[in-house]
Amino acid sequence: MRKWVLSGILASEETYLSHLEALLLPMKPLKAAATTSQPVLTIPQIETIFFKVPELYEVHKEFYDGLLPRVQQWSHHQRVGDLFQKQVRGCVVAHAAVSPFSPKALLYKPVDRVTRSTLVLHDLLKHTPSSHPDHPLLQDALRISQNFLSSINEETTPRRQSMTVKKGENRQLLKDSFMVELVEGTRKLRHVFLFTDLLLCAKLKKQIGGKSQQYDSKWYIPLSDLTFQNADESEPLPIPQVPDEELDAMKVKISHIKSEIQREKRANKGSKVIDRLRKKLSEQESLLLLTSPSMALRVHNRNGKGYMFLMSSDYERAEWKETIQEQQKKCFKSFSLTSMELQMLTNSCVKLQTVHHIPLTINKEEDESPGLHGFLNVIVHSASGLKQSLNLYCTLEVDSFGYFANKAKTRVYRYTTEPKWNEEFEIDLEGSQTLRLLCYEKSYNKTKQNKEDGDSTDRIIGKGQIPLDPQTLLGKDWQRTVIPMTGVSVKLSMKFTSREFSLKRMPSRKPMGVFGIKISTVTKREHSKVPYIVRQCLEEIERRGMEEVGIYRVSGVATDIQVLKAAFDTNNKDVSVMMSEMDVNAIAGTLKLYFRELPEPLFTDDLYPNFAGGIALSDSVAKESCMLNLLLSLPEPNLVTFLFLLDHLKRVADKESINKMSLHNLATVFGPTLLRPAEKDSKIPTNPTQPISMGDSWSLEVMSQVQVLLYFLQLETIPTPDSKRQSILFSTEV
């Protein structure tokens, strides 16, 4: 059915292209005659009449040329949404720019094409499952076209006036987005609009009594006066950071409210209850959106003050800077707007905006894809296409809770044109739909700071993104892909594990070894209190990894971890020598892998629901009694190993000012690893008659696991019975 719909649009596009070609035929001879002594029309007249017609032709030609081979080589997984996105945007720009002196039919043709595309997009979405990778692309194209058509239906005169500069030049919107501005230490939500000649920062007014959406202008900077450098050379102000604990608490509340909404819907409760919950959800998500960004984008007016935006994604920050810098090449004259001009410009933003909703998950459409919940394992293999040797590293970003954030970083590969990292990362997905990758050139000049954001002068040399396609990723095999960027391409492999299967711990089938073997079996075989692998890894990390930035959070090289795993499993006598020669992050990764592959978690399956219940107690005295009693109920190998690890993690946190690993960060890394149960089903107590979604259930469960470990990390001492204390402190076999 989709192919049949697209075949129809191909035939229509072919006809429209022939009309445009016929319109362009007289253009060349008219231009040639204009240079003679008896011109039919002058050059300015020709450019006015045929203004943007060649560009309009190129938009539709590119769409047709891109769609034709995809329809001819049709498959169920074929995507066309990206082509429609580009075509609709091109038609919108063309209509905004068409001269009123153009042939009358041409004035309406772009609108007609967008109208037809809108109908086609409706038909395609009817026959495209929400899980299909094309669905979100088609939805976005439909949103753009509908917004454009609704603005056309309104009075066009105010719109044209608001977008026309005194000299008759056209002011177009290039980019807009909601951002967080830091104003005198307070975070404010703004809507930022980048026009062809200025940057406008506006505040969305509260809608009262059914009034239409309106904006208040906060400030603007002509692009000719805008700089990313601080004119007075003063040190940038520090960015107030929100503790990770507070951000996680917000996420827990959001997950709770989402689960309540789902329960109310299933119970068919009144809309007033659901509306009240949705209002609470909007408040919490808005608060998270305000407090989570910590990456500065500073802009300054050469003739005035500077402003600071906070962002969560370096990818988005780079996009804004690149777009502004590219447009600045076309802006040479400074200017100022009268209050009337500024008001008209601000009013026009309502019609011109492309981002209509604050990026909250509550603003998603009901039929929009919920994204992926689970674990995404990514191996960053190598890069190619570099023309000169560089010190290169990559970072990975994914979207969750409505915004993008950095999730992983490779090591720096020194001075080469063909870096080969082969590093594997496990990324937690929370309703994620897109993976972004950024390539950086590392700067080792520590004295040189980037004045615009206070960061090191590491330079982004390429960036790209790919959709996280459920249909492609749900298979068990690794999926290889290449992310092409300007001047460089990066090879990746990806494998997705859904929440349902990631909960399962798989016992080892081999009789010997340590990975996948019960901890009691290993300690009994070794005649020790703590497994040899745990002691060796912690000893090496204590020796040279305590000041390593991001220790336990930064992933080690996947191949190194597998080498160490094999060495411990085969009781290789040279394992300590091997460890001394390996990157310390690989050793930390091996330790985490050991705990993750235990057939039963360190806190045991039987006691896990009790730990989850104990941490939820509100009475602090009752909580302490419950949690300590549960801890001392663990089997001795589990308890001794946990206390051994606990002391080490506290020592790591003592170096937080250097290694950036707080108690909360360590709990976030180790909580699920030490507590995640072996069974498939969640062990958090819930009402079975009111189930909640897998995504929300997982969020609550992970948060609970983090909180349990954090509780023990924050205790100054753990009072253990004398017999166990003697065993732990004085045993020579630990």
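All of the points below concern the structure found in this document.

Each value, and the rule that gives it
- Residues numbered from 1 in each chain as written.
- Predicted model: local features only at pLDDT ≥ 70, side-chain atom pairs only at ≥ 80, totals over all residues.
- Heavy atoms only, no water.
- Core = buried A, V, L, I, M, F, W, Y, C linked by side-chain atoms within 4.5 Å.
- Buried < 20%, exposed > 50% of the residue type's maximum accessible area, 1.4 Å probe, protein only.
- Helix = DSSP H or I, 4+ residues; strand = E, 2+ residues; numbered from the N terminus.
- Phe/Tyr/Trp six-rings, centres within 6.5 Å; stacked < 30°, edge-to-face > 60°.
- Lys NZ or Arg CZ within 6 Å of the ring centre and 35° of its normal.
- Salt bridge = Lys/Arg side-chain N within 4 Å of Asp/Glu carboxyl O.
- Expected span 1.5 Å × (residues − 1).
- Contact = heavy atoms within 4.5 Å.
- Pairing = 2+ DSSP bridges.
- Axes fitted to C-alpha atoms, helices over the stretch in contact; angles between N-to-C directions.
- Parallel < 35°, antiparallel > 145°, perpendicular 65-115°, else oblique.
- Left-handed = near helix turned anticlockwise from the far one by under 90°.
- Nonpolar A, V, L, I, M, F, W, Y, C, P; charged D, E, K, R; others polar.

1. As for the nonpolar core
Then step 1. With 67 residues, the main nonpolar core has Tyr-552, Phe-595, Phe-642, Phe-670, Leu-674 and Phe-712 as its most contacted residues.
Then step 2. Ranked by residue count, the leading element in this core is helix α22 (residues 636-654), at nine residues.

2. Some remarks on the packing of aromatic side chains
Then step 1. Evaluation of the coordinates by the stated rule reveals 16 aromatic pairs.
Then step 2. Ring centres 5.9 Å apart and planes at 85° place the aromatic pair Phe-515 and Tyr-594 in the edge-to-face group. With Phe-515 in the loop between α14 (499-502) and α15 (519-526) and Tyr-594 in helix α19 (residues 584-596), this pair connects stretches of sequence that are 79 residues apart. Like Phe-515, the residue Tyr-594 is buried in the burial classification.
Then step 3. One cation-aromatic arrangement involves Arg-436 over Phe-404; the distance from NZ or CZ to the ring centre is 3.6 Å.
Then step 4. Of note, Lys-463 hangs over the ring of Tyr-315, and the distance from its end group to the ring centre comes to 5.6 Å.

3. Observations concerning the pattern of salt bridges
Opposite charge on two side chains permits them to pair, given that their charged atoms come into close proximity.
Then step 1. Applying the stated criterion across every chain yields a total of 21 salt bridges.
Then step 2. Between Glu-181 and Arg-190 there is a salt bridge; the shortest N-O distance is 2.8 Å. Exposure class is identical for Glu-181 and Arg-190. Each is buried.
Then step 3. Beyond isolated ion pairs, a larger network of salt bridges with shared partners links Glu-316, Glu-397 and Arg-436.

4. Focus on helix α10 (residues 271-291)
An α-helix turns once every 3.6 residues. As a result, residues three or four positions apart point the same way.
Then step 1. An ideal rise of 1.5 Å per residue puts 30 Å on 21 residues; α10 measures up with 30 Å between its terminal C-alpha atoms.
Then step 2. For α10, the set of buried residues is Ile-274, Leu-277, Leu-281, Gln-284, Glu-285, Leu-288, Leu-289 and Thr-291.
Then step 3. Among the structural elements, β1 (173-183), β2 (186-195), α9 (244-266) and β10 (403-409) are those in contact with the buried residues of α10.

5. Considerations on the sheet that holds strand β15 (residues 479-485)
Whether parallel or antiparallel, the strands of a sheet pair through hydrogen bonds between backbone atoms.
Then step 1. Ordered by their spatial adjacency, four strands build an open sheet running β12-β8-β16-β15, and the pairing between neighbours is antiparallel. Two strands bound the open sheet, and with one partner strand each, they are β12 (420-432) and β15. Neighbour to neighbour, the strand axes of the sheet diverge by 30° on average, direction disregarded.
Then step 2. Bridging between strand β8 (residues 372-384) and strand β16 (residues 488-498) involves ten bridges; their strand directions are antiparallel. Its bridge partner lying in β16, Ile-379 is registered against Ser-493.

6. Focus: the packing of helix α17 (residues 558-569) against α19
Then step 1. Packing of α17 against α19 brings their axes to within 9 Å, and their N-to-C directions diverge by 60°. Between α17 and α19, the angle is such that the two are oblique. As for the relative orientation of α17 and α19, their crossing is right-handed in sense. Across from Asp-560, Ile-561, Gln-562, Leu-564, Lys-565 and Phe-568 in α17, the residues of α19 making contact are Ala-586, Ile-587, Gly-589, Thr-590 and Leu-593.
Then step 2. Here the contact of α17 with α19 is composed, by residue class, of six nonpolar, three polar and two charged.

7. Brief notes about the sheet that holds strand β4 (residues 215-222)
Then step 1. The strand order across the open sheet formed by seven strands is β4-β3-β2-β1-β7-β6-β5, and the pairing between neighbours is antiparallel. Looking along the sheet, the strands with just one partner apiece sit at the ends: β4 and β5 (226-227).
Then step 2. Two strands pair when backbone bridges link them, and β1 and β2 are joined in this way by ten bridges, in the antiparallel orientation. Looking at β2, one finds that Leu-173 is bridged to Phe-195.
Then step 3. Sheet contacts for α10: β1 and β2; angle to β2, the most-contacted strand, approximately 80°.
Then step 4. Where helix α12 (residues 339-352) meets the sheet, its contacts fall on β1, β2, β3 (198-204) and β4, and the angle it forms with β4 comes to roughly 110°.

8. Quick look at unusual backbone geometry
Then step 1. With a phi close to 50°, Asn-422 is a non-glycine residue in the positive phi region.
Then step 2. Looking at where Asn-422 falls in the secondary structure, it is placed in strand β12.
Then step 3. The backbone of His-527 sits at a positive phi, close to 55°, despite the residue not being glycine.
Then step 4. Position of His-527 among the secondary structure elements: in the loop between α15 and α16 (532-544).

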